[in-house]
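Geometric and topological summary
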Amino acid sequence: MKKAFFCIYAILAGFCLYAQSPRMYEVPFPKPLNTVPDTVTVRIIGDVMMHGKQLPYDYSTFLELVSEPLREADIAIGNMEFSLGGEPYSGYPAFSCPDSYPWTIAEQCGFDVFLLANNHILDRGNTGLSRTFRVYDSIADSLGVLTTGASRNEEENETSYPLTLLRKGIRISFINFTYGTNMGCSSEAWPKINRMKEEDIASAFRRAEERESDFIVALPHWGTEYQLKHSQTQEKWARELVDLGADVIVGAHPHVVQDTTHISGVPVIYSMGNAVSNMSATNTRLELMVTLRFTHDTVTGEKTMLEPELQFMWCTLPGMLRDTYSTILLKDWTTRGSEWSNYGDFESMLQTYRRVKSATGIED
């Protein structure tokens, strides 16, 4: 009994001595478990097109080989450069493609956002636009894919211009607009396409700020077709967008990749080129996938944007690599010429890649 009492006493005495020791201040507190910043990955591709010659093919092949990185992104975005005006289906110059096309690629690639502000969205006029809205409504209801760039009324305009998404504690606003449309209604009437109008764009930026957006991504449809260098008009607008508060600018429309730059530290990707099309003119089959990464340090609260990552893609036409249209990540295929059905197309891909890189200065 005495022995047990002595042991208990010794333990208590030791504890008291330790508690009085200065070493107690040296015992570290447990480190926070989550010290790695959360990262939101946004991937954007350019013009998703449907020319007349594409219509007979299985649409699921078109973006199949680039679907994995799109599905892996927290937010995947595609520019849908066509109307869904119903039959008869048609390609250039007045696009109207089957409803199954956006459905198919939405499911396959895991798209989160479709961009609608482009010059072909009104190719079937207001009637075609109304039908286009209905199809995208059904896709949104089933798959959760949102749209921005066009709206039916003031309420929709307030909600989608900008489109603001919250991921992992980071709030990002997307502002999509076009220089104009080839056909359609007055820009003052509803429904509206977001156009390159200073007052409207400034209002969209104000709404993004009112929503306490952490980052603003400007997505203009602009520029001169087939030109590898941006125009003076693009540069003027880019500077205005930076002044308004854009954190990054990613453009589309010219059907080719254009040069990139920074304006007051803001990255500007003037044109991504096409994502998939039947185009075969010089440089039109080379394109970009743009990856934006936004980080949130949950310990310090700091939120930052990393430098955009640019990956070249190549749109293969039927009989070149496969028996169908197929967009590929170029880096995965630079040493696989033996797999081409048409080796000349493999050589054309590498030549175009070198030519465009030289002209634009893009490093991938």
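Computed from a prediction, not measured in an experiment: that's the story for all the values here. (Residues numbered from 1 in each chain as written. Predicted model: local features only at pLDDT ≥ 70, side-chain atom pairs only at ≥ 80, totals over all residues. Heavy atoms only, no water.)

**Description of the overall build of the protein chain**
Helix and strand counts for the protein chain stand at eight helices and 17 strands. Look at the contacts in the protein chain between residues 6 or more apart in sequence, and 72% of them connect residues 24 or more apart. For the protein chain, the exposed surface amounts to about 16,700 Å²; the carbon and sulfur share of it is 52%. (Helix = DSSP H or I, 4+ residues; strand = E, 2+ residues; numbered from the N terminus. Contact = heavy atoms within 4.5 Å. Areas by Shrake-Rupley, 256 points an atom, 1.4 Å probe, with all protein chains shown as cover.)

**Some thoughts on the side chain of Asn176**
Position of Asn176 relative to the elements: it lies in strand β7 (residues 170–178). Engagement of the side chain of Asn176 in a polar contact is seen with the backbone nitrogen of Ala117, the distance being 3.1 Å. Dropping the residues within four chain positions of it, Asn176 is found in contact with Leu115, Leu116, Ala117, Thr148, Gly149, Tyr161, Asn194 and Leu219. (Polar contact = N/O pair within 3.5 Å; in protein donor to acceptor, adjacent residues only side chain to side chain.)

**Comments concerning the packing of helix α3 (residues 100–109) against helix α4 (residues 125–143)**
The interhelical angle for the contact between α3 and α4, taken along N-to-C directions, is 25°, at an axis separation of 10 Å. The angle between α3 and α4 falls in the class roughly parallel. Taken as a pair, α3 and α4 cross one another with a handedness that is right-handed. Contact with α3, carried on its side by Pro102, Trp103, Ala106 and Glu107, involves Val135, Tyr136, Ser138, Ile139, Ser142 and Leu143 of α4 and no other residues of that element. Its residues assigned to classes, the contact of α3 with α4 comprises seven nonpolar, two polar and one charged. (Axes fitted to C-alpha atoms, helices over the stretch in contact; angles between N-to-C directions. Parallel < 35°, antiparallel > 145°, perpendicular 65-115°, else oblique. Left-handed = near helix turned anticlockwise from the far one by under 90°. Nonpolar A, V, L, I, M, F, W, Y, C, P; charged D, E, K, R; others polar.)

**A short note on the pairing of strand β9 (residues 215–221)**
Judged by how many residues are buried, β9 sits mostly within the fold: seven of seven residues are covered. For β9 and strand β10 (residues 248–250), the ladder comprises two bridges, and the chain directions are parallel. Bridge pairing links Ala218 to Ile249 in β10. Following the chain from β9 across helix α7 (residues 232–244) to the adjacent parallel β10, one finds a crossover that is right-handed. (Buried < 20%, exposed > 50% of the residue type's maximum accessible area, 1.4 Å probe, protein only. Pairing = 2+ DSSP bridges. Right-handed = clockwise from strand over helix to strand, strands pointing away.)

**Thoughts on the side chain of Thr352**
Tracing the backbone through its elements, the reader meets Thr352 in helix α8 (residues 343–360). In this structure Thr352 comes out as buried when scored by relative accessible area, which is 4%. The contacts of Thr352, once residues within four sequence positions are left out, are Asn283, Leu286 and Trp314.

**Quick word on the packing of helix α6 (residues 198–210) against α7**
Axis separation between α6 and α7 bottoms out at 10 Å; the angle between their running directions is 30°. What the angle tells us is that α6 and α7 run roughly parallel. Read as a crossing pair, α6 and α7 show a hand that is right-handed. Counted together, Glu198, Ile201, Ala202, Phe205 and Glu209 of α6 and Lys236, Trp237, Glu240, Leu241 and Leu244 of α7 form the full contact between these two elements. Looking at the contact of α6 with α7, its residues break down into six nonpolar, no polar and four charged.

**A short note on the nonpolar core**
Within the largest apolar cluster, 43 residues are counted, with the highest numbers of intra-cluster contacts made by Ile45, Val48, Leu63, Phe82, Tyr101 and Phe111. Broken down by secondary-structure element, the contributors of at least two residues to this core are β1 (38–48), β2 (75–80), α3, α4, β13 (274–276) and β16 (309–316). Element by element, the count of residues in this core is highest for α4, at five residues. Apart from residues lying up to four places away in sequence, Val48 is in contact with Asn79, Met80, Glu81, Phe82, Tyr101, Ile105, Ala275 and Val276. In this structure, Phe174, Leu292, Phe312 and Met349 belong to the second largest nonpolar core, which totals 42 residues. (Core = buried A, V, L, I, M, F, W, Y, C linked by side-chain atoms within 4.5 Å.)

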